[in-house]
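Secondary and tertiary structure notes
Each chain, written out:
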Amino acid sequence: MSLVKTTRDSGLKRRRFLVGAGVAAGAGALARQLPLNVIEPAVAADAVPGAAAVTEMKHTVCTHCSVGCSVEAIVSNGVWIRQEAAFDSPINMGAHCAKGASVREHGFGEHRLRYPMKLVGGKYQRISWDQAIDEIGDKLLQLRQQAGPDALMLIGSSKHNNEQAYLLRKWAAFWGSNNCDHQARICHSTTVAGVAQTFGYGAMTNSFNDLHHTKAVMFIGSNPAEAHPISMLHFLHAKELGAKMIVVDPRFTRTARFAHHFVRVRPGTDIPLVWGMLWHIFNNGWEDKEYIAARTYGMEDVRAEVAKWTPDKVSDVTGVPESSVRLAAEMLAKNKPSSVVWCMGITQHHVGTANVRALSILQLVLGNIGVPGGGANIYRGHDNVQGATDVGPNGDSLPGYYGIAEGAWKHFSAAWGVDYDWIKSRFGSKELMEKPGITVSRWFDAVNEQNQFIDQPSNLRAVFYWGHAPNSQTRLPDMKAAMQKLDMLVVVDPYPSMTAAMHGRTDGVYLLPAASQFETHGSCTASNRSIQWRERVIMPLFECKTDHEIMYLFAKKLGFHNELCKNIKVVRNEPVIEDILREINRSCWTIGYTGCSPERLKLHMENKHTFNPTTMRADDGPCKGDYYGLPWPCWGTPEMKHPGTPILYDISKSVAEGGLPFRANWGVEHNGVSLLAADGSTNKDSQLDTGYPEFDHIFLKKLGWWAELTPQEQALAEGKNWKTDSSGGIIRVVIAHGCAPWGNARARCNVWNFPDPVPVHREPLASPRRDLVAAYPTYDDKANFWRLPTLYKSVQAVDYSKDYPMIMTSGRLVEYEGGGEETRSNPWLAELQQNMFVELNPNDAAQINARTSDYVWVETPTGARMKMMAMVTERVPIGLVWMPFHFGGWWMGEDLERHYPEGGAPTVRGEACNTGWTYGYDAVTMMQETKVSLCRVVRA
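Residues numbered from 1 in each chain as written. Predicted model: local features only at pLDDT ≥ 70, side-chain atom pairs only at ≥ 80, totals over all residues. Heavy atoms only, no water.

Examining the overall build of the protein
The condition is simple: Strands are runs of DSSP state E lasting at least 2 residues, helices are runs of H or I lasting at least 4, and numbering of each runs from the N terminus. The globule rule used for comparison is 2.2 Å times the number of residues to the exponent 0.38, while the radius of gyration itself is calculated over C-alpha atoms. Each accessible area is a Shrake-Rupley result for a 1.4 Å probe, and residues are judged covered by the shown protein chains and nothing else. We treat Lys and Arg as the positive residues and Asp and Glu as the negative residues; His and chain ends play no part in the count. Just so you know, the charge point we use is NZ for Lys, CZ for Arg, CG for Asp and CD for Glu.
On a plain count of helices and strands, the protein comes out with 33 helices and 34 strands. What you see for the protein is a C-alpha radius of gyration of 26 Å, in line with the 30 Å of a compact globule of 940 residues. Carbon and sulfur atoms make up 51% of the accessible area of the protein, which totals about 30,200 Å². Put simply, the protein has 96 plus and 98 minus side-chain charges, and the middle of one group is 2 Å from the middle of the other.

Written out as C-alpha cells, the structure is:
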C-alpha cells in the first residue's frame, strides 16, 4: 500500500523483486514439499571470463523481526550475489516476508555510513578511526574525571548478536556504570517483568511452530500479519485444521481479516476486558479447577477482583458489548488447548506489566500454560531482542538476569577472572554499583532534569546511540533539547539513524560506521528462545568495523581491554566470538545458556533439515533428540547434551528431556500459604513427588545426593546454589534425579511485591473518559524511580480531552521495521510504502474535509505538530487515529535531509509519530506509553 506512489526509474518493480528473490510468504511453505530439482534455477548464470569464481553458501538469519527465518546467502569471490529461500529451516520453511526477501541489500547499502565522521560547524567531516577513538576516548576520560562514570549513557542494540550484547554489558560494568539499556526496555520489558514474576522466566512459553497444535488463539495487541508475517503461516496451518481465531484490537488490522471473532476494544482497557472474560469463565465453571488447585497461588484474590467486573461495567469501560466478551471467553475455554499471543499493543502502556499479568492469569485459569498448543506467546520485534535481553545491556541486571547485588557481582567477577574489588573501584560507589541505571526511555530526562532531583551524582553528559533508533522513543522534542545540552553524542550504526539529523547541534557529534549483522557472525535468539548460529556472509564494507571490534578499541583507549578480554582471544582487534559465547556458557546458569556451545549451534544450523517443523525436534541425524536451536534453558554443560526446552513449564516431560515446572523464586510460603506445587504435581520421572525449593549445597546434602558430585565439583559447589555453582555439578545431579534445579513451585497470581498485587484497571494518563478517572485513578507520583522523579497523578489530573478530542494510537507496517532507517533506505522496501500517514475514519475525515493523500497536521498536548498524509479508512473507528511508528527524517513539517551526512538520508522520510507522544511510563519497568493518548487533526 502506498498513498502516493513514485516508481523507481531502475525498472526494478515489486513483482520482479519478489520473483528475483524467489520468495513470497506462503509460497515457500508449498515449495518445500517439491523435489529439489523443481525449485532450482533452470538455467545457469553466464560464465564469468577469467579466473574461476569461488562460490559458496552462507547460512544466516534475517535481521528484522524475531521469528528467526533462515536466509541462504550465495557469495562469489566475497560478493553477496543472491539469496535463496531456506527451504530446510523448520521455522520459515522457505517462506520470507517482504523484509526477509530484501536482506541482500545489506551487501550494497548505498545509504550506509562509510567512514567515521565528526560534526564541525554544522557539517559532517570525514575522519580516521584513530582520530575518532582518540577524541571520543579523551572526552570520556575527561568526563569521568569531572563528573564520574555515571555521566555516560550507553544505549545498546537488540540487533547485536548475543556475544556483542554480552560484551557491551561487560564493557559498561568495567567502565563503572549501570547506565546501559537497549530496545527491549521500550518493547517488551513489561512482558519480561510480568511473565517472570508469574511463572519464573520472562520469555515466550511455546514456539511459533507449536501453534500447529492449538484449537483457538487470541491475538491481543498483536498484528502478526504485518509485524511477524512468517509466524502467521504456522497459525494459518492450525486454522486449516479447525482452530478458532480471535483478534482484540482497537483497529481492524490485516490480522483481523482472518479472524472468526473481532473484538474492537477501547485503548487502555485490556485489564477490564480480560477480567470480563474471566467473569464469564468463572460463572460458567469453564476454569481448570484441578490445574488451579495444584499449580497456582493467589487465585482467590483474582476471583475477588474479577467479581467486580460485571458485564455492564465491562461494556461501559471497554466499549465492547457483553455478547462479544462472552463469545471470546467461550471460544478460548471450549477449544483447548488455546493460546494467547500479544505484542506491543499490550506492553506499551503505563500499566503494561499489569496487562501482561492479567493475560498470564487468564491462561493459568484455563490450564493452558505448559501444554502443546497453549501458552503465553510473546512476539518480539528485532532479530535478537530476546537474546540481548537475556545476556545484554540491562541497567538492573547482569547477564542471565543475575541482578546487581553483591552476590551477583561476585559471581561474574569470578566468571570474568577479575577481582571484585577492582570492579567496585570502577564505580562511583558501591551504592551506585547496586542501583538500577537510567533507562533508554528517559535518558533525556537525566539531562534536562535539575541535578538535585536525580539519584546519581551528575546529570548525563555523554550518550552513545549504539544500533538504536531514537525515533522509536517518545517525547522527541524533550530528547532534542537534551541532545543539545550534551557534551558529546556518539552514533554507532550501519546507518546514520535519525540521531544524526535531529539534534540541532553544530559540533560534538560523531558517527561511527558499524558493520551490519551480515558482516559478522555469532548467535542470536528468536522469540521462541531458539538460538541460531549466523555465519558471516561478507566482510565489513567500506571502513565499517564490527561492534565487538569497536568495543575493544574503546576499551583499549580507556585502559581496561586486558580485563575485558581476559578469557577471550583477540585477533586483529576482534575478540573471538566463539570465546565470548563460551564465557556465556560458563556463567549464565540461571537461564540455561550453558549447554549451547558454538559447536552445537553450528551443527544445528548445518542440519536444519533434520528437525521436524511441528515438534522442532530432530528425529534423526547428528542432532537427534535435540530441539531446534536448543531453546533455553539448555541445562548444564554442553557435554550433558540437554536437548533444550521447547515448552516452558511442561511437566509431562522429564527435565532431562525438556520438561520444567514453575520456578520456586519467592520462598516456600507467603502469609502462611505454601508456594510450592501440590503433591503429585511434578515432572515425569522426578524422584521428588511434590513441590520443592530451589537447590543449593545444603538441600543436596539433606537429600543424600552430594556424594554424586565429583571431588572437583564438590570443591566448586560448596557454599553455592544451582545459579552460582561454576562446576555445573548441582544442576547435573539434580536433573539426573528428574528434578528441576530451580525447584517446583506454583505460578503467582498475586505478586505481592508489585504496585498492584492483583492487576487492577487504571485509566490512561491522557484519558478522554474523565468520568472514569476518579473511579480508576493512576498511581501516585514517584520521587525516585530508576534514578528519576516520575509523574502519574499530576499528569492524569490535567484534562486535555476538550482541546484534543481524538484517541491516538500506533503500530507496525509489514514493509518497515523498528525506527526504519535500514528498511526505509532499502530501495525494494521503499518502493512499497513511500509516505507517512495517519488513518482517519471517514466520519472524522469529513469533519475537516480531508481525503486520502491530503496532508493534515496531527497535534498533541505536548505542542508537537506532525505533518502527514491522511488515509481515510474504516479500519479505525470514529474518534480514533492510528499511525505507523517506523518513519523519521521530518521534524514538525520540515524535511531533515540536509542535516544527514551526505548520501546518508534514507530514501523514504516522514514525520516520526513518537514526536508527539505524551508523558507516560509503566510503574514497574519504565516502559513508555505509545498506545493511548490524545490528539486533534486539522487540514494542512
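Description of the pattern of salt bridges
Here is the rule: One speaks of a salt bridge when a side-chain nitrogen belonging to Lys or Arg is within 4 Å of a carboxyl oxygen belonging to Asp or Glu. Three exposure classes are used, based on accessible area relative to the maximum for each residue type with a 1.4 Å probe and protein chains only: buried under 20%, partly exposed in between, and exposed over 50%.
In this structure the tally under the stated criterion is 58 salt bridges. Across the salt bridge formed by Arg 787 and Asp 150, the nearest N and O atoms sit 3.5 Å from each other. In this pair, Arg 787 is assigned in the loop between β24 (782-785) and β25 (788-790) and Asp 150 in the loop between α4 (129-147) and β6 (152-155), connecting sequence segments 637 residues apart. Residue classification places Asp 150 among the buried positions, given a relative accessible area of 3%.

A closer look at the sheet that holds strand β9 (residues 244-248)
Here is the rule: What makes two strands pair is DSSP finding at least two bridges between them. Note on definitions: angles span 0 to 180 degrees between N-to-C directions of axes, and those axes are lines fitted to C-alpha atoms, for helices only across the stretch in contact.
Ordered by their spatial adjacency, five strands build an open sheet running β10-β9-β8-β12-β13, and the pairing between neighbours is parallel. With partners counted over all chains shown, the strands left at the sheet margins are β10 (261-263) and β13 (376-378), one partner each. Each neighbouring strand pair of the sheet contributes to a mean axis angle of 20 degrees, computed without reference to strand direction. The sheet contact formed by β9 and β10 spans three bridges and is parallel. If you follow Val 247 over to β10, its bridge partner there is Phe 262.

Describing the environment of Glu 657
What counts, and what does not: By definition in these notes, contact holds between two residues if any of their heavy atoms fall within 4.5 Å.
Turning to its location among the elements, Glu 657 is positioned in the loop between α26 (598-606) and β21 (669-670). The sequence separation of Glu 657 and His 737 amounts to 80 residues, and the corresponding C-alpha distance is 13 Å. Not counting the four nearest positions on each side in its chain, Glu 657 is found in contact with Tyr 627, Pro 643 and Lys 684.

Overview of helix α25 (residues 577-587)
Structural remark: α-helix, 3.6 residues per turn; residues separated by three or four positions point the same way. Burial analysis of α25 places nine of its eleven residues in the buried class, the great majority of the element. Here α25 has its buried residues at Ile 577, Glu 578, Asp 579, Ile 580, Leu 581, Glu 583, Ile 584, Asn 585 and Ser 587.

Here's the deal with the side chain of Glu 583
With respect to the helices and strands, Glu 583 occurs in helix α25. Leave out the neighbours within four places in its chain, and Glu 583 touches Tyr 166, Lys 170, Ala 415, Trp 416, Asn 567 and Ile 568.

What about the packing of aromatic side chains?
Any pair of aromatic rings gets described here by the distance separating the centres and the angle formed by the planes. To keep things clear, this is the line we draw: Two aromatic rings from Phe, Tyr or Trp, using only the six-membered ring of Trp, form a pair when their centres are within 6.5 Å; if the ring planes differ by under 30 degrees the pair is stacked, by over 60 it is edge-to-face, and anything between is tilted.
Inspection of every chain in the model, using the stated rule, returns 35 aromatic pairs. Consider the rings of Phe 199 and Phe 662, whose centres lie 5.8 Å apart with planes at 20 degrees: the pair is stacked. Taken together, the residues span a long stretch of sequence, with Phe 199 in the loop between α6 (189-198) and β8 (216-220) and Phe 662 in the loop between α26 and β21 at a distance of 463 residues. This pair shows no difference in class: Phe 199 is buried, exactly as Phe 662 is. Summarising the aromatic geometry, the rings of Phe 208 and Tyr 379 are spaced 4.9 Å apart at their centres and angled 55 degrees between planes, so their arrangement reads as tilted. A residue pair is termed long-range when its members are at least 10 positions apart, and Phe 208 in the loop between α6 and β8 and Tyr 379 in the loop between β13 and α16 (385-391) qualify at 171 residues. Tyr 379 carries the same exposure label as Phe 208, and that label is buried.

Considerations on the confidence of the model for the protein
Defined as follows: Confidence scores here are pLDDT values: one per residue, from the predictor, ranging 0 to 100.
The pLDDT averaged across the protein works out to 94; a share of 95% of its residues lies at or above 70. Contacts of residues 7-42 to residues separated by more than four positions or lying in other chains number 44 contacts, the stretch itself having pLDDT below 50.

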